[in-house]
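The residues making up each chain are set out below.
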Amino acid sequence: VDALAVQPEGIYMDGTFGRGGHSRAILARLGTGGRLIAIDRDPDAVQVARAAFADEPRFEVHRGTFSMLERIAREANVSGQVNGVLLDVGVSSTQLDDPRRGFSFLQDGPLDMRMDPDSGEAASDWLARAPERDIAEVIFRYGEERFSRRIARALVAARALAPITSTLRLAELVSAAIPTRERNKHPATRTFQAIRIHINRELEELRACLEQCLRVLAPRGRLAVISFHSLEDRMVKRFMRDHARAAAPDPAAPWQVTGPAPLLHVVGKPKRPDADELQANPRARSAVLRVAERRA
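Attention here is on the structure that accompanies the text. Everything numeric in this text was worked out from a predicted model, so none of it was measured.

Considerations on the sheet that holds strand β1 (residues 11-14)
Strand order in the open sheet made by the seven strands is β3-β2-β1-β4-β5-β7-β6, with mixed pairing throughout. Single-partner strands in this sheet number two, and they are β3 (59-63) and β6 (264-266). The mean angle between the axes of side-by-side strands here comes to 20 degrees, regardless of whether they run parallel or antiparallel. Sheet topology places β6 next to strand β7 (residues 288-294); three bridges connect them, and they run antiparallel. When the sheet's bridge partners are listed, H265 is paired in β7 with E293. Each of β2 (35-40) and β3 is contacted by helix α2 (residues 43-52), which is oriented at about 160 degrees to β3, the strand it contacts most.

See below:
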């Protein structure tokens, strides 16, 4: 929230309301003329937001995905006027802690993994139909799991005997397929992460949203992105870097400007949690915050 440099009368968008921690902090810095527009694809989060901020005239919440950011901004008549966008990427602690949502490999529950349980395909349904090659590709690409082929082979063999419909069943199968162990890391971590990212199209949603932020932000508006996965962070880093660079000169006429001026300015260095935060919140261990500002 510090990185957003909140102006009391500014307009801000919280792309992942979750349970409202960031939204509350932004509202605490807004004046009476300020405005906060929150988004979340999870109907439970939207319900919490509407109940918690029912009497807050500066706040509104919309149910939607990252890729709907520009549409929501247009409908709110703030496109090109937003002073800050905050994106907290990935699964929320509330989703992770609820076994009914199917994100956790430590608690048994239905193998769902959808951030919006009313749309898309549950993880169990995808695992029931996906070819072994596709399963291996997803686990390798999104989980960076070197034993992806072994895991995919084991899952296909297991589903021939009985459907894989619970989180602990999936975790057991993955654990049995992996021959080595990483210290302080459950063997199913990478696979669960990969399937979740695939089911929710998280990287595609983030890519679309980042491009839309260029059009939604006002001059000197801030974009702050917290990511927890190397693929997400890499995408954010490249996006900010590419849009902060001037166009390369034409070798035949280096004195001429060959492209548009850069649209962003990278603000400071990436920030990571310090020791105190990690002690209070171990789940923050992989978090990276990157900030950029829309040029005037």
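Further notes follow.
Thoughts on the layout of surface pockets
Computed from the structure, the second largest pocket encloses a volume of approximately 210 Å³. Residue lining of the second largest pocket: R141, Y142, L203, R207, L210, E211, L231, R234, M235, R238 and F239, and that is the complete set. At the level of secondary structure, the elements contributing two or more residues to the lining of the second largest pocket comprise α6 (132-143), α10 (202-216) and α11 (230-244). Sort the elements by how many residues they give to the lining of the second largest pocket and α11 lands first, with five residues.

Some remarks on the side chain of N200
In this structure, N200 sits in the loop between α9 (189-199) and α10. Setting aside chain neighbours within four positions, we find N200 in contact with R41, F103, M113, R114, M115, D116 and E205.

Here's the deal with the packing of α10 against α11
What describes two packed helices is the angle between their axes and the distance between those same axes. The interhelical angle for the contact between α10 and α11, taken along N-to-C directions, is 20 degrees, at an axis separation of 11 Å. Between α10 and α11, the angle is such that the two are roughly parallel. You can see that α10 and α11 cross each other, and the crossing is right-handed. Note on element contacts: α11 touches α10 through L231, E232, M235, V236, F239 and H243, opposite E202, L203, L206, R207, L210, E211 and L214.

Things to note about the state of the cysteines
Under the criterion given, the structure shown has zero disulfides. Not engaged in a disulfide, the cysteine C209 finds its nearest cysteine sulfur in C213; these two sulfurs lie 4.3 Å apart.

Side note on the pattern of salt bridges
Using the criterion set out here, one finds 22 salt bridges in the structure. Of the charged contacts in the structure, one is a salt bridge between D112 and R114, with a shortest N-O distance of 2.8 Å. With a relative accessible area of 15%, D112 lands in the buried category. Among the ionic pairs, R222 bridges to E293, the shortest N-O distance being 2.8 Å. Pair noted here: R222 is in strand β5 (residues 217-227) and E293 is in strand β7, with a separation of 71 residues, a long-range link. You'll find R222 and E293 in the same group, each marked buried. Each of D42, D44 and R101 takes part in salt bridges that share partners, so that together they form one network.

Cut-offs applied
Residues numbered from 1 in each chain as written. Predicted model: local features only at pLDDT ≥ 70, side-chain atom pairs only at ≥ 80, totals over all residues. Heavy atoms only, no water. Pairing = 2+ DSSP bridges. Helix = DSSP H or I, 4+ residues; strand = E, 2+ residues; numbered from the N terminus. Axes fitted to C-alpha atoms, helices over the stretch in contact; angles between N-to-C directions. Contact = heavy atoms within 4.5 Å. 1 Å grid on protein atoms, 1.4 Å probe; cavity = no way out; pocket = protein on both sides within 12 Å on 5 of 7 lines; lining within 4 Å. Points joined across faces, edges and corners; volume = space filled by probe spheres on them. Parallel < 35°, antiparallel > 145°, perpendicular 65-115°, else oblique. Left-handed = near helix turned anticlockwise from the far one by under 90°. Disulfide = S-S within 2.5 Å. Salt bridge = Lys/Arg side-chain N within 4 Å of Asp/Glu carboxyl O. Buried < 20%, exposed > 50% of the residue type's maximum accessible area, 1.4 Å probe, protein only.

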